[in-house]
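Chains, contacts and geometry: an overview
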Number of protein chains: 4
Amino acid sequence: MARNTFGTLFKLTTFGESHGKALGGIIDGCPSGVEINIEAIQNELNRRKPGQSKIVTQRKEPDTVQFLSGIFEGKTTGTSIGFIIENTNQKSKDYSHIKDVYRPSHADYTYDQKYGNRDYRGGGRSSARETACRVVAGAVAKQFLKTIDFQAYVSAVGHIQLQENDVINIEEIEKNPVRCANAEKAIEMENYIKQIRKEGDTVGGVVCCVIKNVPVGLGEPVFDKLHAQLGKAMLSINAVKGFEFGSGFEGAKMKGSDHNDHFKKDGTTKSNNSGGIQGGISNGMDINFKVAFKPVATLMQKQETINNKGEKVEMIGKGRHDPCVVPRAVPIIEAMAALVIADFLLLNRTTKA
Amino acid sequence: MARNTFGTLFKLTTFGESHGKALGGIIDGCPSGVEINIEAIQNELNRRKPGQSKIVTQRKEPDTVQFLSGIFEGKTTGTSIGFIIENTNQKSKDYSHIKDVYRPSHADYTYDQKYGNRDYRGGGRSSARETACRVVAGAVAKQFLKTIDFQAYVSAVGHIQLQENDVINIEEIEKNPVRCANAEKAIEMENYIKQIRKEGDTVGGVVCCVIKNVPVGLGEPVFDKLHAQLGKAMLSINAVKGFEFGSGFEGAKMKGSDHNDHFKKDGTTKSNNSGGIQGGISNGMDINFKVAFKPVATLMQKQETINNKGEKVEMIGKGRHDPCVVPRAVPIIEAMAALVIADFLLLNRTTKA
Amino acid sequence: MARNTFGTLFKLTTFGESHGKALGGIIDGCPSGVEINIEAIQNELNRRKPGQSKIVTQRKEPDTVQFLSGIFEGKTTGTSIGFIIENTNQKSKDYSHIKDVYRPSHADYTYDQKYGNRDYRGGGRSSARETACRVVAGAVAKQFLKTIDFQAYVSAVGHIQLQENDVINIEEIEKNPVRCANAEKAIEMENYIKQIRKEGDTVGGVVCCVIKNVPVGLGEPVFDKLHAQLGKAMLSINAVKGFEFGSGFEGAKMKGSDHNDHFKKDGTTKSNNSGGIQGGISNGMDINFKVAFKPVATLMQKQETINNKGEKVEMIGKGRHDPCVVPRAVPIIEAMAALVIADFLLLNRTTKA
Amino acid sequence: MARNTFGTLFKLTTFGESHGKALGGIIDGCPSGVEINIEAIQNELNRRKPGQSKIVTQRKEPDTVQFLSGIFEGKTTGTSIGFIIENTNQKSKDYSHIKDVYRPSHADYTYDQKYGNRDYRGGGRSSARETACRVVAGAVAKQFLKTIDFQAYVSAVGHIQLQENDVINIEEIEKNPVRCANAEKAIEMENYIKQIRKEGDTVGGVVCCVIKNVPVGLGEPVFDKLHAQLGKAMLSINAVKGFEFGSGFEGAKMKGSDHNDHFKKDGTTKSNNSGGIQGGISNGMDINFKVAFKPVATLMQKQETINNKGEKVEMIGKGRHDPCVVPRAVPIIEAMAALVIADFLLLNRTTKA
């Protein structure tokens, strides 16, 4: 697995299993001279952490980040930034029942086939706990990208979706536990998640993300188009099933005469079906995209499955799990978006002679 | 633009503008000993080339690939494989009218902002002509991956979509100019494209892809999940707006109890909402995904736009363009999928001690 | 500094300043199923650590490595291996006198010019303390490469050099504090280092390395020739000034008729001026190379230098420093060699179809 | 062999066998807006090409470079630059006698072991003909780096070496066929090469390189130290056996009190044992290094060797070969140095916030 690195110039490399001693990472390539506000980074981690509301997993992990290098007198030095997050609340016994069992739609089977030796406790490396490190790095990237705004929010939980005429109010996002940008829909969604949890079931959802104030020119136009890299970033998050930007899948139904974004004199466009990206390069308009998450695979219901001998076994989820991941996915998506933008911003400095 | 490379171990690097002397590329990392059938490679190029049917652009380019290295006595040598495709039918005068003009929803504006100096003829480097090189490399990858099948087909043109109860018949794909896997829908689609062309308009569409006989274990489970890399590959193709795999955006509406794929005793699963990938690693089931394409931006209608002085100008598309890209996108999608699989297959050889 | 990573498939990324909280690293790409002997790894660290003998720096740092991930039930899992080494014996006050001063032939000036903000304590990131992380990763690589032997030893300290007729005895290396492969010369060298230290001076030296049992075929023959990557690895170690392999600089004086290595029937060669590498690829003979180290720049003598305002200042080295680095460099060279070989061994698995 | 690429931001990828249709490469990451003088590039190629004087191989290859993309109206566009050099004067029959024979100290045996299938004609991919592509890319890099001077020259042929008191006169380099920077020594060297050729023998040599006007701050201080990357670049050139910079192997004999480079008030240093690099980062002084080349392995004498069945065979070199490579190596070394500097210059733009 020589691929625990994301990015080329602003790079994150991570390690850690959900029930090991610690998770952590190395941020390499963050320019020197960035003022680092550690409290703001911890706040981003808190937006992701378990136990933050009644509709997420009730595990209580402090998820405290410790920086070990690369910051001196409150600013980055340009050297690699090491950090760790200790695991303090592992209940490894919760997982002894799955030692030899392949949970449906989990990575147990594929890890076992691929690696042979795996840390099965809590999903090990395949646990979404790994995304805590992404949030740390993304929060550092945000501090480098002070003038750029990353705003993600939940736009659908199961069949409950924000419709075209629903007001999007960015102020609402952090006021409700679902992180929906519409207060009324947020209540509907919250109630639905509670009901799903009672059933011992789970449900999927969709997160939207808008990036404002992106300079023109970011993205590399052939294989590393801005949206291609954003797509990869999002698809690398646990449980993601789809990515679209601008007009997305709806755009496939449209005619060119309706879809084309016409220029104003200042180079901005009247519509934004392009989602802020033309030919793989940012055009200065808002970048917007959507990310689809499947329902969590661990159910609090009885399920039939197999063990590593190919025998049928029955299992019921133990431990403390999310009934719906999208509320906690919001800061992860912002973090990954920030990492992509930081990388391309640095790369873009090398474009002209 | 130091990013004209795709892949890590099985790598393609490309060059070329649509109206330069030639396009070409270097395939680096193809193992030695692969038997190369050049006719089969040319056939793939022919599936992509312009002028192949009445519903695609009527440019006549032979698109003949010449291999310059890396193949000896009919087999690869393990050294880098250089190839070129000469540009023979450029009508550069067709483009003098857009020298200073930014076409709506094209990459003219963003290239100009990013690079300053650009070859505007035929879109230059931003032209989809660049994808010919991908098809060549993908065809080589397919010959390395003899036992794996890559089957893409058109599933939607504008609002005309394959429905759940439409039969998918792989045999039909190459029999109709749309490359739809259902003969009846193919006719509807073809007629719709013809009508759209008459209107001087264009339309988007969707391509499905199924990959069969993928070994278990491909993909790297954190940042380089198999579907994340497939998504990036597809999103890097010109005009793509979205990517989903397995249950995709529909999966976001589902409950876990419906979505989970239950194991049979042999490790295969009864359903395949996972799209052949669990935890970023192939599980041996068919891999399937969908790719959304926007309508072509060049219209044969009058459009208002701006020039590089910020002045309003009127323009009408000249040259020979596709009314809908999806028929020609089919081989490109297969090629990119083959490059992704070849790369992960080689990488997977390094997994165990 | 987005370049704190070494290797492509077997990768090490490091972080840490000499006087920060901890150093550490992530080993990514180590195959699963490698049995890990942590004591053996600690032993390698102990060979590098300060205070181990009277001829090295008298700092007392325990340099204890803690592994945080990637090892389960005594074996690697194929996931990334995170580790840290806490800094416990920093005497940061020792360095307040160099806060604004550029020490001659140190990296103070260049870091300051490049980054602006730097952790000046103990050299910060430029300290050779960083190489502790390389030794950890190299020790893991050695456990993956069980059948390959890495044997480095000191062949020169200042003008005292092993001559052609001096016996090379591998058994002697760890028996003397210089790590010379000849007992008599070791005593000469030891005495010379002691004398140099008394003078408040320092001295350079040379380390030889022999790698035995390398399979035929490692190395990539154009830009990533085996010796080119070995050379880079060695030149990246602090204080290194030169690298040569096989016949080296002496080979430049020779005629082809004397230099050519003639084959025996089994493919081995009678002489080994090639140093085990032909065309950038290992040929199965012993790989051998030499690495030149300059004298340590920190002297216990008065030196004139400048501060960051360009003013002349006098300084005298404080703190505890090595009079000669080569004894402690031996395990670092072996470690870097092991990382190079591990990387090429994995890569070589992708060579044939 | 997925490693035919050099560089990270200013990248060269090459292909081509000595007796295939063409060699070529892709320069990716050259910034837009660089004025390209194709004649100057061809001149660099002419400095490398065979047949240029009586002391090099008498093959007559025009080595004409054709650019296929990435340059528009005389300037780079920031897109990838493809180029080819056709092979026109191959005498493939010259090589039929070595089809199954492993020439001593050539790459025949190792290629065969590694790849199985190889183009044996003229050494195929292992031929130094590949370096023509490096010269093209280096010449483009030089045009990007207009203000930086790269001056390589021969300092030794066999035992004939420039001594400390020999005058180094840059003006002399291109005036003599040896490319020695001292006219008298050049004659001695030339005569020696002629004598060696008469004997059917070959001889090694050393090339020095000085880089002037390098800005302070280039190089990345841990694994990608400026001299480490320069060393790798040089060691990747065919026939190179050693690399040293600044004081080099001589520095290993020195005391710190003699070796340290003391600062003047302006940050320059009085001596330059550092070779222009401190802590892996350029300090603004001249960068200087030396490269050792072994004697050419192909002799015009009878040699005993083995074939691919392990049988003893006799062979005598046919074809047209260099008796000494250093005169033609001079432009190759400058080219590789330019590629390294261009890469680090671009990277350095990403250092500060």
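Look above for the structure.
Note that the structure is a prediction, hence the values are computed from the model and not measured.

**Some points on the overall build of chain A**
- Summing up its helical and strand segments, chain A has eight helices and 17 strands in all.
- When the 353 residues of chain A are sorted by exposure, 67% land in the buried category.
- In chain A, the share of contacts with a sequence separation of at least 24, taken over all contacts with a separation of at least 6, comes to 70%.

**A word on the interface of chain A and chain C**
- Contacts between the two partners involve 37 residues from chain A and, on the opposite side, 37 residues from chain C.
- Every element with two or more residues in the side of chain A that touches chain C is listed here: strand S2 (11-15), strand S3 (22-28) and strand S7 (81-86) of chain A.
- Among the residues forming the side of chain A that touches chain C, the class breakdown is ten nonpolar, 19 polar and eight charged.

**Details of the relation of the copies chain B and chain A**
- When chain B is fitted to chain A, the best match, at an RMSD of 0.0 Å, comes from turning it 180° and sliding it 0.0 Å along the axis. Such a combination of turn and shift is consistent with a two-fold rotation axis.
- With an isologous cut-off of 70% or more, the 100% of interface residues of chain B that recur at the interface of chain A puts this contact in the isologous class.

**Some details on helix H5 (residues 226-235) of chain B**
- Counted residue by residue, H5 of chain B has ten buried out of ten residues, so it is predominantly covered.
- Every buried residue belonging to H5 of chain B is among Leu226, His227, Ala228, Gln229, Leu230, Gly231, Lys232, Ala233, Met234 and Leu235 of chain B, and all of these are buried.

**Structural notes on the relation of the copies chain A and chain C**
- Between the two copies, chain A and chain C, the superposition gives an RMSD of 0.0 Å; the rotation angle is 180° and the shift along the axis is 0.0 Å.
- When you check the interface residues of chain A against chain C, 100% turn up at the interface there too, and the contact is symmetric in its surfaces.

**A short note on helix H4 (residues 183-198) of chain C**
Residue and element names in this part refer to chain C.
- Between its terminal C-alpha atoms H4 stretches 23 Å, which fits the 22 Å expected from 16 residues at 1.5 Å a residue.
- Among the residues of H4, those classed as buried are Lys185, Ala186, Met189, Glu190, Tyr192, Ile193 and Ile196. The buried residues of H4 occupy an angular sector of 165° when the element is viewed end-on, so they sit on one face. Seen from the buried face of H4, the exposed residues on the opposite side, beyond 90 degrees, are Glu184, Gln195 and Lys198.
- The elements touched by buried residues of H4 are strand S9 (149-157) and strand S10 (160-161).
- Directly beyond the C-terminal end of H4, a positive phi value near 70° is found at Gly200.

**Considering the interface of chain B and chain A**
- Facing 91 residues of chain B, the contacting portion of chain A comprises 91 residues.
- Among the residues forming the side of chain B that touches chain A, the class breakdown is 32 nonpolar, 39 polar and 20 charged.
- Where strand S12 (residues 240-245) of chain A meets strand S12 (residues 240-245) of chain B, three bridges bridge the pair, whose relative direction is antiparallel. Looking across to S12 of chain B, one finds that Phe243 of chain A is bridged to Phe243 of chain B.

About the criteria used
- Residues numbered from 1 in each chain as written.
- Chains lettered and ligands numbered in written order.
- Predicted model: local features only at pLDDT ≥ 70, side-chain atom pairs only at ≥ 80, totals over all residues.
- Helix = DSSP H or I, 4+ residues; strand = E, 2+ residues; numbered from the N terminus.
- Buried ≥ 20, exposed ≤ 12 C-beta atoms within 10 Å, placed from the backbone.
- Contact = placed C-beta atoms within 7 Å.
- Nonpolar A, V, L, I, M, F, W, Y, C, P; charged D, E, K, R; others polar.
- Least-squares fit on C-alpha atoms with pLDDT ≥ 70 in both.
- Expected span 1.5 Å × (residues − 1).
- Arc of directions from axis to C-beta.
- Pairing = 2+ DSSP bridges.

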